[in-house]
Amino acid sequence: MTTRSRRLVARTPVFLAIPAAVGVVFVALPLLGLLAKVPWSDLGALLGSDLALEALRLSAIASTAAAGISVLVGVPLAWILARVEFRGRALVRGMVLLPLVLPPVVGGASLLFALGRSGLLGEPLYEATGLVLPFSTPGVVVAATFVAMPFLILTVEGALMRSDTRFEGVAASLGAGKWTVFRRVTLPMIWPSLVSGLVLTWARAFGEFGATVTFAGNLPGETQTLPLAVFVAMETNRDAALALSILMMVVSLTVLVALRGRWWRPS
Amino acid sequence: MTDSVVLADFAVARDDFVVEVALDLPAGQTTAILGPNGAGKSTVVAALSGLIPIDRGRISISGNIVDDPAHGRFVPAEARKVGVVFQDGLLFPHMSVEKNIAFGPASKGDPDDSEVSRWIDLLGLTAVAHRRPGEISGGEAQRVALARALINEPDLLLLDEPLSALDVTAKVETRRLLRRHLDAFRGPRVLITHDPQEAFLLADRIHVLEAGRITQSGTAGEIQMRPRTSYAADLAGINLLAGTAAGGRASINEVALRIADSEVEGEVLMTVRPQAIALHLDRPGGSPRNVWETTIVELEESGERFRVGLGKPLPLTAEVTSQARRNLGLAVGDHVWVSIKATEISVEPR
């Protein structure tokens, strides 16, 4: 036994170790079940199919775009929620986090009512620009952003509330303007949390299904992301579904382990 | 730099009380704002530096009005040229010492490397220039904070409890260094502190701040002579002595005291806390101490403790507990032996 695992055994009380082990098994079991059924010999052909590659490409683009938009919009929003006291802050905070608990299908439906061609915002948007979001690739990005952004806001807001605002005061007293303070002091100090939030956001967007299928539909090559492809394949081609599932797991797990483990440090 | 003078007369409401002060800070002088914790000292720092707006009154720095709510004027911190050194340094943890010092000039788009190295050199930080704040000592951190503030050539320098977070050795060393740089800085200096020894040794003029109000202003000597509040009276108990130092000894009139600092030379100011003066009925022995015999000239009860006024050859005030006083049977006119450890005497060149 290595020193590290010996220490783990020595330091973990039984009343914590047993439930923790149950937790690990609970999470790992479906993964193992999946691995047991994967048609390993056909895996290359199944994953190399146009449908699979197209879905992977779309998923990667959509989740990266969603993570990018979440940073651009979510970081300022998190800053305001953490630093500015205003009437209705609790309401805004609740609304912003709503997609975390809302069934994604409901989220997708509300997006459709708001941004659809005859929707509240969708109609003027269409008349002004001819842009139609539902059932289009940009629609996939919108759905993924809607569902995933709360992860970024939650993480960054928490980091901003924990960080010591006196450093920003020092920076101002040294002649730094608001933008310089934000860029050179605030942002670097919350950096680990920002990266952690970004990774979670990306991973959530990568796995997004309900809002996407409701708002953007299921058009291969255009709106059919990996999760949607898995769903379709479950009906038609079990082996393909298994192959796509294993692909999703590998990608997501890699991202979570590699990036989140490296950046996320409890403070 | 011109002889900048700060005039401030303002009120800021806090949760529990209103901080209301009038300050006239002449160039080239160190003004101490001395008060207990929670007296509103940090509010004064925040108002002067522009981190919070005042509610009433006016602040002007070098002839420019920087805060005047009646006329809707407020110059924010970044446009004020007020340098602040905070208690725990507040160095940016994600930047090296060098980057911390260069922060001000870089923020203004004027990163002058030679100026940065000059300050690193001036404060003896060459060895740690590339380290992060987490990897340097408390004394070094305060030196970095000082360099970071001074490199900006501020019109006003605020030192908010600059020594409080340091241990005894670092405190003495940093105080000495602070003294030197305060003297070299030509604008007004404000020292915020709860430590009367710091104020007595570093400041030209002292304002005593209690519950948001200045209760007394004057030189250390004036406050000692005529304390106006019980807090000031407590401060007044601190013994302040003027003398000449050389080779680890300080002479005051004909008395020579052993001091811990063997390097300081020339005219010095010294402080000794009354609790640090031990009284004995017989001559004490042991470790290197200053020991002499004297008479009790005054005895004054204050709470659970007694102030003991000591006569020739060196008039000092000691403080003992009521129990110690009973055990020793102290009374006015008694002969007692005084002992003071060399390390209990704080020394600062004048």
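Structure's up top.
Residues numbered from 1 in each chain as written. Chains lettered and ligands numbered in written order. Predicted model: local features only at pLDDT ≥ 70, side-chain atom pairs only at ≥ 80, totals over all residues.

> What is the right way to look at the overall build of chain A in this model?
Of regular secondary structure, chain A possesses 13 helices and 0 strands. Taken from N to C terminus, the helices and strands of chain A fall in the order α-α-α-α-α-α-α-α-α-α-α-α-α. Referenced to the eigenvectors of the C-alpha coordinate spread, the extents of chain A come out at roughly 70 × 65 × 30 Å. The proportion of buried residues among the 267 residues of chain A is 37%. Contacts spanning at least 24 positions in sequence make up 77% of the contacts within chain A whose residues lie at least 6 apart. (Helix = DSSP H or I, 4+ residues; strand = E, 2+ residues; numbered from the N terminus. Buried ≥ 20, exposed ≤ 12 C-beta atoms within 10 Å, placed from the backbone. Contact = placed C-beta atoms within 7 Å.)

> I keep staring at the packing of helix α9 (residues 166-173) of chain A against helix α10 (residues 178-206) of chain A and nothing clicks. Help me out?
Helix packing geometry: the angle between the two helix axes and the distance between the axes. Residue and element names in this part refer to chain A. Two elements in contact, α9 and α10, have axes separated by 10 Å at closest approach and are oriented at 155°. In terms of orientation, α9 lies roughly antiparallel with respect to α10. For the crossing formed where α9 meets α10, the hand is right-handed. Here Phe-167, Glu-168, Ala-171 and Ala-172 of α9 come into contact with α10, specifically with Val-181, Val-185, Thr-186 and Met-189. Residues that form the contact of α9 with α10 fall into these classes: 6 nonpolar, 1 polar and 1 charged. (Axes fitted to C-alpha atoms, helices over the stretch in contact; angles between N-to-C directions. Parallel < 35°, antiparallel > 145°, perpendicular 65-115°, else oblique. Left-handed = near helix turned anticlockwise from the far one by under 90°. Nonpolar A, V, L, I, M, F, W, Y, C, P; charged D, E, K, R; others polar.)

> What is the right way to read the pairing of strand β19 (residues 316-321) of chain B from this model?
Consecutive side chains of a regular strand alternate in pointing toward one face of the sheet and then the other. Residues and elements named next belong to chain B. Inspection of the sheet shows strand β18 (residues 305-310) paired to β19 by 6 bridges, in the antiparallel sense. When the bridges of β19 are listed, Leu-310 appears paired with Leu-316. Remark: 5 residues form the turn of the hairpin made by β18 and β19, two consecutive strands paired antiparallel. (Pairing = 2+ DSSP bridges.)

> Explanation requested: the sheet that holds strand β17 (residues 289-302) of chain B in the structure shown.
What holds strands together in a sheet is hydrogen bonding between their backbones, with the strands either parallel or antiparallel. Residue and element names in this part refer to chain B. Strand order in this open sheet of 5 strands is β16-β20-β17-β18-β19, and the pairing throughout is antiparallel. With one partner strand each, in any of the chains shown, β16 (278-280) and β19 form the two edges of the open sheet. Recorded for the sheet is a direction-independent mean angle of 45° between the axes of neighbouring strands. Here β17 runs beside strand β20 (residues 335-341); their pairing, made up of 7 bridges, is antiparallel. The residue of β20 that forms the bridge with Val-291 is Ser-339.

> Even after reading the chapter, I still don't get the sheet that holds strand β12 (residues 239-246) of chain B, so can you show me in this structure?
Residue and element names in this part refer to chain B. The strand order β14-β13-β12-β15-β21 describes an open sheet built from 5 strands, whose pairing is antiparallel. Looking at strand neighbours, the two that pair on one side only are β14 (255-258) and β21 (345-349), the edges of this open sheet. Strand-to-strand twist in this sheet, taken as the mean axis angle between neighbours without regard to direction, amounts to 40°. Pairing analysis gives 7 bridges linking β12 to strand β15 (residues 266-272), with the strands arranged antiparallel. Along β15, the bridge assignment pairs Ala-242 with Leu-269.

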